[in-house]
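Analysis of the macromolecular model
Chain residues, written in single-letter form:
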Amino acid sequence: MQAYHSVWLQRLWGKFLDVRLCSSPSAISPCQRDFPCCPARRLCRYALQGACKFGVFESFAAKTKSTMSTDIWEARKHGVFLKAAAVAELVATTALSPWEAVRIKMVADPTFARHLPAAVLRVWREEGALGFYRGWAPLLCKQLPYTIVQLTVFSSLVGGVYETWLPSMGIHKSTMSTSSQLAVSAACGVVAGVTSSIASQPGDTVLTRINSQLKTAAAQAKGQALPRASIVGVVKELGWSGLWLGTGTRAVMTALLSAGMFLVYDVARVSSHAVCGS
Amino acid sequence: MPSNKPPAGEYARVGLAGAACAAFNHFILVPLDVVKTRMQLDPKLNPTPLTTARRIVATSGYAGLSLGLAPTVVG
């Protein structure tokens, strides 16, 4: 159930991590070549990552909650959200990393492989298992702060709004209409989106630069082993202010993305009857 | 309390939401993503979001905002 809904959740924010072979700029339209398998491939990625991220987060938090009394849970829940999000993203990134490594190769060099299974085989043959985890660290740089801040801020904020802020004005969740509950989710989603985009901005800039370098290298090397992209090297080159390039634009994008994502998540939660959170 | 079984039409609703989101993505979020990525890759040429968007439209038309080089680079 969780995985099914997560497919749609991931559609929302998955453009970040999209298998964008459809929009590869090479001259022979890869859109035509890859079109039949593009949506399926995307769906697989979203399902995989969404199932990992939300599945692990929910079950970790719910399991911890069930072992605690209400008082202790209230005192410790923010920390639990934080840990649950970190574990969830670690699992999700590890699951996503092989896809990402293969995707970059295919996008950079259209002659790399005719289809995904062939590309996987070729990476395996040429670089071994390590080839699939080349992009793991840079991906983690962005995804870890992003997910930790996003899920922690959202969960804590929604809890605060329903348990403290609204009751103080005499409003209770049980008496609220569905649309006002959705408005709460959207508003909290916007805040979670902006904060998480700021938290992960340096990681995003590093990842963009590294992917761009890898892409250029892969295009030149035509399938040869790629040089190791260095996070430290990119950070040195950019400097402190360079790490924040595009912050405003990305904050707007992530706010919209995040609000939409949690809206759908709400609908999905009601129907999938998730245990944790509100 | 919601029942254990999802109400009829719930899947259709989630599906519709997903479809709406995908469309939204293409028209709003992807262009933002393209602009952001250009700014990160070449800050000298692209100092602000507005100048970046104008540059992209001027060089590759509106299609450049959704199908440019940038999104293929984004991880």
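What you are looking at is a predicted structure, and each value in this text was computed from that prediction instead of being measured.

This part covers the overall build of chain B. From N to C terminus, chain B includes four helices and zero strands. The N-to-C order of helical and strand elements in chain B reads α-α-α-α. Burial analysis of chain B (75 residues in total) assigns 40% to the buried set. Taking the intrachain contacts of chain B between residues at least 6 apart in sequence as the baseline, contacts between residues at least 24 apart amount to 44%.

Residue and element names in this part refer to chain B. Predicted confidence across chain B gives a mean pLDDT of 72, with 53% of residues reaching 70 or more. Considering each helix and strand of chain B separately, the mean pLDDT is smallest for helix 4 (residues 69-73), with a value of 41, and largest for helix 2 (residues 49-60), with 90. Counting interchain partners and residues more than four positions distant, the pLDDT-below-50 stretch residues 68-75 has 33 contacts. As scored by the predictor, the complex reaches a pTM of 0.75 and an ipTM of 0.70.

For the rest of this paragraph, the subject is the nonpolar core. Formed by 56 residues in total, the largest nonpolar core has its most connected members in A:Phe57, A:Ala84, A:Ala85, A:Ala88 and A:Phe154. Secondary-structure elements contributing two or more residues to this core are helix 3 (38-66), helix 4 (70-108), helix 6 (136-168), helix 7 (178-221) and helix 9 (247-272) of chain A together with helix 1 (10-41) and helix 2 of chain B. Per-element tally for this core: the top contributor is helix 4 of chain A, with twelve residues. If we ignore the near neighbours within four places in the chain, the residues touching A:Phe154 are A:Cys188, A:Gly189, A:Ala192 and A:Phe262.

What follows is about helix 5 (residues 116-127) of chain A. Helix length check: helix 5 of chain A (twelve residues) gives 16 Å between terminal C-alpha atoms against 16 Å at 1.5 Å per residue, within 8%. Looking one or two places after helix 5 of chain A, you find A:Gly128, whose phi comes out positive at around 75°.

Moving on, we come to the environment of A:Val264. Residues and elements named next belong to chain A. Tracing the backbone through its elements, the reader meets Val264 in helix 9. C-beta crowding within 10 Å serves as the criterion here: with 24 such atoms nearby, Val264 is assigned to the buried category. Considering only alpha carbons, one finds Val264 and Ala186, 78 residues apart in sequence, at a separation of 9.6 Å.

Turning next to the environment of B:Met39. Its place among the elements puts B:Met39 in helix 1. Sequence separation between B:Met39 and B:Ala53 is 14 residues; the distance between their C-alpha atoms is 9.9 Å. If we ignore the near neighbours within four places in the chain, the residues touching B:Met39 are A:Leu245, A:Gly246, A:Thr249, B:Asn46 and B:Thr52.

Residues and elements named next belong to chain A. Here Lys83 shows up in helix 4. Residue class for Lys83 comes out partly exposed when judged on the 17 C-beta atoms lying within 10 Å of it. Taking the C-alpha atoms as reference points, Lys83 and Phe60, 23 residues apart in sequence, are found 8.7 Å from one another.

Rules and cut-offs
Here, residues in each chain are numbered from 1, in the same order as that chain's written sequence. Written order determines the labels here, with chains lettered from A and ligands numbered from 1. In view of the model being predicted, local features appear only for residues whose pLDDT reaches at least 70, and side-chain atom pairs are presented and counted only at 80 or more, with totals across whole chains, interfaces and linings using the full set of residues. Note on conventions: DSSP H or I runs of at least 4 residues are helices, E runs of at least 2 residues are strands, and numbering of each starts at the N terminus. With C-beta atoms placed from the backbone, the exposure class of a residue follows from how many other C-beta atoms lie within 10 Å of its own: 20 or more, buried; 12 or fewer, exposed; in between, partly exposed. A pair of residues counts as a contact when their C-beta atoms, built from backbone coordinates, are within 7 Å of each other. Each residue carries a pLDDT value, the predictor's own confidence for that position, ranging from 0 to 100. Nonpolar core, as used here: buried Ala, Val, Leu, Ile, Met, Phe, Trp, Tyr and Cys residues forming one set through C-beta atoms within 7 Å. Each helix should span, by expectation, one fewer than its residue count multiplied by 1.5 Å.

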